[in-house]
Amino acid sequence: MEYCDSDDINHTTIRLAACLKQTIVYVTLRFAAMAENVVYTHHLKKLSVDGNEYSYFDLPSLGPKYDKLPFSIRVLLESAVRNCDNFQVKDQDVEAILDWEKNQAVPDGVEIAFRPARVILQDFTGVPAVVDFAAMRDAVKKLGGDPNRINPVCPSDLVIDHSVQVDFVRIHRPNLDVNGQIAECQYSKPEALQKNQDLEFERNKERFMFLKWGAKAFQNMLIVPPGSGIVHQVNLEYLARVVFTSEGILYPDSVVGTDSHTTMINGLGVLGWGVGGIEAEAVMLGQAISMLLPKVVGYKIVGQLSQYATSTDLVLTITKHLRQLGVVGKFVEFFGPGVAELSIADRATISNMCPEYGATVGFFPVDKNSLVYLRQTNRDENKVQLMEEYLKSVRMFRNYSDASQDPVFSEVVTLDLATVVSSVSGPKRPHDRVPVVDMPTDFRQCLINK
């Protein structure tokens, strides 16, 4: 193990101090700009639900262009309107997003600023982020400031899920009778899960102690302990807000995460994708993401699945189709009456495959099935009602059977669920899908292919 000498530590402190001074200048300028900004406050509107009054930005009042926007682009627009300070997010960004239909076709692209509502981390990339915040606190203390003022600006969640190893398993052991037939089955080590978790804590004691300190020390940061589930499952079932409420203002949930499969959350109607660790930390510090206004591919789903086709067959079919279409760097937004036939689990699995088919997101706008899922995962009923009322007010609540809600897309492709057949794929290349009926021919060709 290598150790840093005192010079390295001093240089690190100097760099952190310089970074901190730049941050102080940035925050001062930003709040000065915010104090002068009155660009979109006249679009604030009141919403009363269960006797409580909330405010939200009335996006439909921006003009007729709004109703033509894909639902995923509406999330980008709302963020730009709410965060417009003419410093990080400028009025030009709002206008560029609102005029998406024209700007998405610009050859070199149109750059915009986007501030996600939250950040999600797993422990591989989350630990360095917490270490950086701890180092900044140390630098502030050395400069004579209050270290407790160093906290994430953007709500951040860290799920510890990448450190567990399988040392113990439940082994299925059949006992045979004198004739060689299975007489009974025995299972050894029924406590395998607990033993694995005990070893996980033993091996990662120092790291977990540090993260536990971080969970108590930092405001605006939630750290989910080990043994709670994988990050994407926890994100879907617990962390996803769908609609945020901050200081009485409602706005749609959006997220960037340090895992490529952060896209899974799009199945619930939360716009999100994976970014690098430095980008995630920048967002945690209140910085906006600079991105090109994306093209949006409308993926229309019609019909019903055959009784012999599974959800896996559907996911593999869509993955292969989108890879052939070419959607790298684009948003994919699903619509059409067939979407209503898909469960949130199906939608999340399709969205989870974004890294395989190359899209930035595979977005399913919130509909009644989304609300059912939120209730099934024990979300507060009052909050679910608030989500529905707000999303309907800003026309982000989708009725997939209502074609009048269909927006304008960069291009549209269609899939009839009735054409999905049983297939096999993978294990390493899920896009190499082969229908079961073609397996004999494909197998023979594989034997003679060079």
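Residues numbered from 1 in each chain as written. Predicted model: local features only at pLDDT ≥ 70, side-chain atom pairs only at ≥ 80, totals over all residues. Heavy atoms only, no water.

Residue placement: Cys84 occurs in the loop between α2 (71–83) and α3 (91–98). As a C-alpha pair, Cys84 and Val94 span 10 residues in sequence and 7.8 Å in three-dimensional space. (Helix = DSSP H or I, 4+ residues; strand = E, 2+ residues; numbered from the N terminus.)

With that settled, consider a nonpolar patch on the surface. Among the surface-exposed residues, Val424, Val436 and Met439 lie close enough to one another that they form a single nonpolar patch of about 200 Å² accessible area. Looking at where Val436 falls in the secondary structure, it is placed in the loop between β19 (434–435) and α15 (439–448). Classification of Val436 as partly exposed rests on a relative accessible area of 41%. (Patch = residues over 30% accessible without salt bridge, like charges linked within 9 Å, V, L, I, M, F, W, Y side chains within 5 Å. Areas by Shrake-Rupley, 256 points an atom, 1.4 Å probe, with all protein chains shown as cover. Salt bridge = Lys/Arg side-chain N within 4 Å of Asp/Glu carboxyl O. Buried < 20%, exposed > 50% of the residue type's maximum accessible area, 1.4 Å probe, protein only.)

Moving on: the layout of surface pockets. Volume-wise, the second largest pocket comes out at about 490 Å³. Along its surface, the second largest pocket is lined by 22 residues, and Ala240, Arg241, Val243, Lys383 and Met387 are the ones closest to its centre. Looking at the lining of the second largest pocket residue by residue, the class counts come to 11 nonpolar, 5 polar and 6 charged. (1 Å grid on protein atoms, 1.4 Å probe; cavity = no way out; pocket = protein on both sides within 12 Å on 5 of 7 lines; lining within 4 Å. Points joined across faces, edges and corners; volume = space filled by probe spheres on them. Nonpolar A, V, L, I, M, F, W, Y, C, P; charged D, E, K, R; others polar.)

Along the chain, Glu111 turns up in strand β3 (residues 111–114). C-alpha separation for the pair Glu111 and Ala96, spaced 15 residues apart in sequence, amounts to 8.5 Å. Beyond its immediate chain neighbours, meaning those up to four positions away, Glu111 contacts Asp93, Ser290, Met291 and Leu292. (Contact = heavy atoms within 4.5 Å.)

All told, the structure shown has 16 salt bridges when counted by the stated rule. Where Arg118 meets Asp157, a salt bridge forms, and the shortest distance between an N and an O atom there is 3.7 Å. In this pair, Arg118 is assigned in strand β4 (residues 118–122) and Asp157 in strand β5 (residues 156–159), connecting sequence segments 39 residues apart. For Asp157, a relative accessible area of 2% gives the class buried. Taken together, the shared-partner salt bridges in this structure form one network comprising Arg118, Asp157, Arg241 and Asp253.

Chain-level pLDDT for the protein chain is 88 on average; 86% of the residues reach the 70-or-more range. Ignoring residues within four places in sequence, the model shows residues 1–9, a span with pLDDT below 50, making 1 contact including any to other chains. Below a pLDDT of 50 lies the segment residues 32–37, which in the model reaches 6 contacts outside its immediate sequence neighbourhood of four places, other chains included. (pLDDT = per-residue confidence, 0-100.)

Attention now goes to α3. When we look at burial in α3, the residues that qualify are Asp93, Val94, Ala96, Ile97 and Leu98. Looking at the buried side of α3, the elements it contacts are α2, α4 (100–103) and β3.

Read across the sheet, 5 strands follow the order β8-β5-β4-β11-β12 without closing on themselves; strand pairing throughout is parallel. Across the chains shown, the open sheet's two edge strands, defined by having one partner strand only, are β8 (221–224) and β12 (271–274). Neighbour-to-neighbour, the strand axes of the sheet open up by a mean angle of 15°, direction not taken into account. With 3 bridges connecting them, β4 and strand β11 (residues 254–257) associate as parallel partners. Note on β11: the bridge partner recorded for Arg118 is Val255. (Pairing = 2+ DSSP bridges. Axes fitted to C-alpha atoms, helices over the stretch in contact; angles between N-to-C directions.)

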